[in-house]
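# Geometric and topological summary
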Amino acid sequence: MKYEVDFPDYIAAKLDQRAAASGGDVVHLIQMAVVQFVEQDLATASTRRLPDPPLMSVEVSPPFDLPRHEATPIALDAVVNGSARLPDSPSVEA
């Protein structure tokens, strides 16, 4: 790829100084800067959180009506003894 980039004079002068100090040329310096910028952008893009999808596309009502019952009140002083698990089959006492 080839691009022609026009910089203001003060930027071009700074690029020439940096390139001379590093022993390279301006083109190589610009290439390094662009590569570093793109790699940083790619690294931060992976940590960006995607927006939540619209609720209509996620939440779907069930295909049947769920039973609705009145809430069963429980007294605060109620004492529960034994297991709350129901037996698998009714026990027969002889």
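## Overview of the overall build of the protein
- In terms of regular secondary structure, the protein is built from 3 helices and 0 strands.
- In the protein, buried positions account for 3% of the 94 residues.

## Focus: helix H1 (residues 9-22)
- With 14 residues, H1 ought to run about 20 Å at 1.5 Å a step, and its terminal C-alpha atoms sit 20 Å apart, in line with that.
- Two residues or fewer past H1, Gly 23 is found with a positive phi of approximately 80 degrees.

## Focus on the confidence of the model for the protein
- For the protein, per-residue confidence averages 76 on the pLDDT scale, and 62% of positions sit at 70 or higher.
- Within the protein, the element-level pLDDT minimum falls on helix H3 (residues 55-58), averaging 62, and the maximum on H1, averaging 90.

Conventions used here
- Residues numbered from 1 in each chain as written.
- Predicted model: local features only at pLDDT ≥ 70, side-chain atom pairs only at ≥ 80, totals over all residues.
- Heavy atoms only, no water.
- Helix = DSSP H or I, 4+ residues; strand = E, 2+ residues; numbered from the N terminus.
- Buried < 20%, exposed > 50% of the residue type's maximum accessible area, 1.4 Å probe, protein only.
- Expected span 1.5 Å × (residues − 1).
- pLDDT = per-residue confidence, 0-100.

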